[in-house]
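# An overview of the molecular structure
One-letter residues, chain by chain:
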Amino acid sequence: MRCFTCSLILWTLSVSQVSSHSQSVQSSDINLAIVSTWRGVDSDSAHSWVRYHIAVGFSRLYIFLDDPELDKDLYDELEAKAEYAKYPRLTRNTAEYRDQYWSA
C-alpha cells in the first residue's frame, strides 16, 4: 500500500490573561492541530491536504513521514514552500529518530 494516512485531532488552549481576583479567563486562543502519518503520498494530494487544513483553520500540521527514502522528494518540496512555513512540522522516520524516541 503506497498511500497511508491516519489522522488524529488535538485541541490546545492558550490562556493569555487570568484575573487573580475572580479567576476568570480574560482572553484565550484556541488552536487546532492535526497529526498525520504519510507513506508514499503523491505531491498533488499532499499539497491539497496541507492547503485544505490551513484554509479550515488548523494552526499546526504535524506530518510523520513513515518512509524517508520514498518520501524524500516530498519532504524537500514541502519544506521549501514559503507559504507553508509556519504550519507543517515534518518528521522523518529515520534510524536516528527511532534511536532517540523508540528505544526503551
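Residues numbered from 1 in each chain as written. Predicted model: local features only at pLDDT ≥ 70, side-chain atom pairs only at ≥ 80, totals over all residues. Heavy atoms only, no water.

In this section: the packing of aromatic side chains. Counted by the stated rule, this structure contains three aromatic pairs. Ring plane angle 85 degrees and centroid distance 5.2 Å describe the contact between W38 and W49, whose orientation is recorded as edge-to-face. Taken together, the residues W38 in strand 2 (residues 25-38) and W49 in helix 1 (residues 43-55) connect sequence positions eleven residues apart. Across the pair, W49 and W38 agree in class, each one buried. With centroids separated by 4.9 Å and ring planes inclined at 45 degrees, the aromatic side chains of Y97 and Y101 adopt a geometry described as tilted. Separated by four residues within a single helix, Y97 and Y101 lie in helix 3 (residues 95-101), roughly one turn from each other. Overall, Y97 belongs to the partly exposed group, its relative accessible area being 22%. Accessibility expressed as a relative area gives 53% for Y101, which makes it exposed. Pairwise contacts between aromatic rings join F64, Y97 and Y101 into one cluster. A cation over an aromatic ring shows up here: R92 above the ring of Y75, its NZ or CZ 3.8 Å from the ring centre. (Phe/Tyr/Trp six-rings, centres within 6.5 Å; stacked < 30°, edge-to-face > 60°. Helix = DSSP H or I, 4+ residues; strand = E, 2+ residues; numbered from the N terminus. Buried < 20%, exposed > 50% of the residue type's maximum accessible area, 1.4 Å probe, protein only. Lys NZ or Arg CZ within 6 Å of the ring centre and 35° of its normal.)

Counted at 1.5 Å a residue, the expected span for helix 1 with its 13 residues is 18 Å, and the 18 Å between its end C-alpha atoms agrees. Buried residues of helix 1: A46, H47, W49, V50 and H53, and no others. Looking straight down helix 1, one finds its buried side chains confined to an arc of 160 degrees; they lie on one side. The exposed residues of helix 1 that point more than 90 degrees off its buried face are D44, Y52 and A55. Where helix 1 begins, the capping side chain belongs to D42, and its oxygen is found 3.3 Å from the backbone nitrogen of D44. Just beyond helix 1, the residue with positive phi is G57, at close to 110 degrees. (Expected span 1.5 Å × (residues − 1). Arc of directions from axis to C-beta. Polar contact = N/O pair within 3.5 Å; in protein donor to acceptor, adjacent residues only side chain to side chain.)

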